[in-house]
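# Fold and contact review
Here is what each chain is made of, one letter per residue.
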Amino acid sequence: MSHSNTNYKEFLTGSIVAVITPMDSKGRLDKQSLKKLVEYHIESGTSAIVSVGTTGESATLNHKEHIDVVHETLELANGRIPIIAGAGANATAEAISLTKEFENSGVVGCLTVTPYYNRPSQEGLYQHFKAISENTSLPQILYNVPSRTGCDLLPETVGRLAKLANIVAIKEATGNLARVHQIKELVDDNFVLLTGDDATALDFMQLGGKGVISVTSNVAAAQMVKMCDLALAGKYTEARELNKLLMGLHQQLFVEPNPIPAKWACHRLGLISDDTLRLPMTPLTVSGQQKVEEALKLAGLL
């Protein structure tokens, strides 16, 4: 896919949810709850669903489960909302094989995190993403989240990667707003900048970003859609008013490691039937529950 084919821009805009993976009390995929979540995002106007990203507990699902969850999500969506597959790994060969699994599945693209734990150099990062892009025709969204991976995909490297035909966007989750300008200087207008940081998403869009891959959207989907729509329309004052009500969620959904609070909140709102997580993730503590509860009230969700 070349940059001249810009239909990916339609779904890489506004509020995109990094959806949780609902599990039953035995830790298996809860298909009924997943169906409910997919319907919730379609009704709320969410731009796209990222299936099995960090928030979807990609780190604790095995390969087969990872692929199954994406396919199940695609089936439930049935073409009514674009699905982006999480497809990163810290071994390049593994990331390529995972990406190839989704090649003719119906996903609109892959979100591929920088290799974690092994801390590659900038050249290593470039070669990693280049190798993936050469092995797929799917649009690739780079995903930079140094707080989790131990490496930082720098703007210069993003600029190099943006020249490759099917690398079309980045999810920049540093929360560092200077990155918007730094990356924009190095890429053409068809390269899409998304943030992965809910708390700074409004500012990111005001600086020229196109949207957010959001955790908050798991519980406040319609509100996030509206906030993003207002921001992208340049109605910053109204966007800020709405964002103020959501700020508690942007912050408290990270009071303990994501997706612990998000799962608890989805369960609290009746969106999923169980808030089971897989070890090493443990249930939200009582003090965490009180903070998330307050944030849900502030946002008018309870």
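Residues numbered from 1 in each chain as written. Predicted model: local features only at pLDDT ≥ 70, side-chain atom pairs only at ≥ 80, totals over all residues. Heavy atoms only, no water.

Rules: UniProt positions are given in the numbering used here, feature names are shortened, and annotations may be inferred rather than shown by experiment.
The chain is annotated in an unreviewed UniProt entry as 4-hydroxy-tetrahydrodipicolinate synthase of Providencia burhodogranariea DSM 19968. Per its UniProt entry, the chain bears the Pathway (unreviewed entry) comment "Amino-acid biosynthesis; L-lysine biosynthesis via DAP pathway; (S)-tetrahydrodipicolinate from L-aspartate: step 3/4."

## What to know about the environment of V168
Selection criterion: In this description a helix means any DSSP run of H or I spanning at least four residues, a strand means any run of E spanning at least two, and both kinds are numbered starting from the N terminus. Exposure is judged per residue with a 1.4 Å probe applied to protein chains only, and the accessible area is read against the type maximum: over 50% gives exposed, under 20% gives buried, and values in between give partly exposed.
Mapped onto the elements of the fold, V168 is located in strand β6 (residues 167-172). On the basis of relative accessibility, which here comes to 0%, the residue V168 falls in the buried class. Along the backbone, V168 and V225 are 57 residues apart, and their C-alpha atoms lie at a distance of 22 Å.

## Observations regarding the UniProt feature "site: Part of a proton relay during catalysis" (unreviewed entry) in the chain
Defined as follows: We call two residues in contact when some of their heavy atoms are within 4.5 Å.
Cross-referencing UniProt, the feature "site: Part of a proton relay during catalysis" (unreviewed entry) maps to T54 and Y117 in the present numbering. Relative to the assigned elements, T54 resides in the loop between β2 (48-51) and α3 (63-77). Apart from residues no more than four positions distant in its own chain, T54 is found in contact with Y143, R148 and P259. Along the chain, Y117 falls in the loop between β4 (109-113) and α5 (122-134). For Y117, a relative accessible area of 74% translates into the label exposed.

## Looking at α5
Stated precisely, the cut-off is as follows: Multiplying 1.5 Å by the residue count of a helix minus one yields the expected span of that helix. Note that the arc is defined by the directions from the helix axis to the C-beta atoms.
End to end, α5 covers 18 Å across 13 residues, agreeing with the expected 18 Å (1.5 Å per residue, within 8%). Within α5 the residues assigned to the buried category are L125, Y126, H128, F129, I132 and S133. Seen along its axis, α5 keeps its buried residues to an arc of 160 degrees; they face one direction. Buried residues in α5 make contact with α4 (92-101), β4, β5 (140-144), α7 (155-161) and β6.

## Let's talk about helix α10 (residues 221-232)
The end-to-end C-alpha distance of α10 is 16 Å, a good match for the 16 Å that twelve residues give at a rise of 1.5 Å each. In this structure, the buried residues of α10 make contact with β1 (14-18), α2 (31-44), α9 (201-206), β8 (211-214) and α11 (236-252).

## Points about the packing of aromatic side chains
Just so we agree on the cut-off: Within 6.5 Å between ring centres, the rings of Phe, Tyr and Trp (the latter by its six-membered ring) count as paired, and their orientation is classed by plane angle as stacked under 30 degrees, edge-to-face over 60, tilted in between. Sitting over a ring, as applied to charges here, requires NZ of Lys or CZ of Arg to be within 6 Å of the ring centre and within 35 degrees of the ring normal.
According to the stated counting rule, one finds zero aromatic pairs in the structure shown. Looking at R160, its charged tip hangs above the ring of Y126, at a distance of 3.7 Å from the centre.

## Let's talk about the confidence of the model for the chain
In regions of low pLDDT, the predicted coordinates are not meant to be interpreted in detail. The criterion, for reference: Residue-level confidence of the predictor is what pLDDT reports, using numbers from 0 through 100.
Residues at a pLDDT of 70 or more form 98% of the chain, whose mean pLDDT is 96. Low pLDDT, under 50, characterises residues 1-5; the stretch is placed with 16 contacts to residues that sit more than four places away or in other chains.

## Quick notes on the pattern of salt bridges
Quick reminder of the rule: Salt bridges are identified by distance alone: a Lys or Arg side-chain nitrogen within 4 Å of an Asp or Glu carboxyl oxygen.
Here the structure, examined in full by the defined rule, presents 14 salt bridges. Across the salt bridge formed by K31 and E72, the nearest N and O atoms sit 3.6 Å from each other. Pair noted here: K31 is in helix α2 and E72 is in helix α3, with a separation of 41 residues, a long-range link. On the basis of relative accessible area, K31 is assigned to the partly exposed category, the value being 45%. The salt bridge partner of E39 is R80, with a shortest N-O separation of 2.7 Å.

## Examining the packing of α3 against α4
Short version of the rule: Every axis in this analysis is a line fitted to C-alpha atoms, fitted for helices over the stretch in contact. Angles between the N-to-C directions lie between 0 and 180 degrees. Angular relationships are summarised with four words: roughly parallel below 35 degrees, roughly antiparallel beyond 145, roughly perpendicular across 65 to 115, and oblique for the angles in between. Left-handed describes a crossing whose near helix is turned anticlockwise from the far helix by less than a right angle; the clockwise case is right-handed. Throughout this entry, Asp, Glu, Lys and Arg are counted as charged residues, while Ala, Val, Leu, Ile, Met, Phe, Trp, Tyr, Cys and Pro are counted as nonpolar. The remaining residues, Gly among them, count as polar.
Close contact between α3 and α4 brings their axes to 11 Å; oriented N to C, the two are set at 30 degrees. Between α3 and α4, the angle is such that the two are roughly parallel. For the crossing formed where α3 meets α4, the hand is right-handed. Of the residues in α4, those touching α3 at H63, H66, I67 and H71 are E94, S97, L98 and E101. Taken together, the residues of the contact of α3 with α4 break down into two nonpolar, four polar and two charged.

## Regarding the nonpolar core
Heads up, the condition is: Side-chain atoms within 4.5 Å are what join buried Ala, Val, Leu, Ile, Met, Phe, Trp, Tyr and Cys residues into a set we call a nonpolar core.
In this structure, F102, V219, L246 and L249 are the most contacted members of the largest nonpolar core, which totals 58 residues. Where this core is concerned, the elements lending two or more residues are α2, α3, β3 (83-86), α9, α10, α11, α12 (260-268) and α13 (286-298). Ignoring sequence-local partners within four residues, the contact set of V219 consists of Y40, L249, L253, A262, A265, C266, L269, L271, L296 and L301. Listed in part, the 22 residues of the second largest apolar core include I132, A162, I167 and I183.

## Describing the pairing of strand β7 (residues 192-195)
Worth spelling out the cut-off: When the strands point away from the viewer, a crossover counts as right-handed if the path from the first strand over the helix to the second runs clockwise. Two strands qualify as a pair provided DSSP detects at least 2 bridges between them.
Along β7, one buried face is formed by V192 and L194 and the opposite face, lined by L193 and T195, is buried too. The parallel pair β6 and β7 is bridged by helix α8 (residues 178-184), and the resulting crossover is right-handed. Across two bridges, β7 lies against β8 in parallel orientation. Each residue of the ladder has a partner; that of T195, found in β8, is V212. In this fold, the crossover linking β7 to β8 by way of α9 has right-handed handedness.

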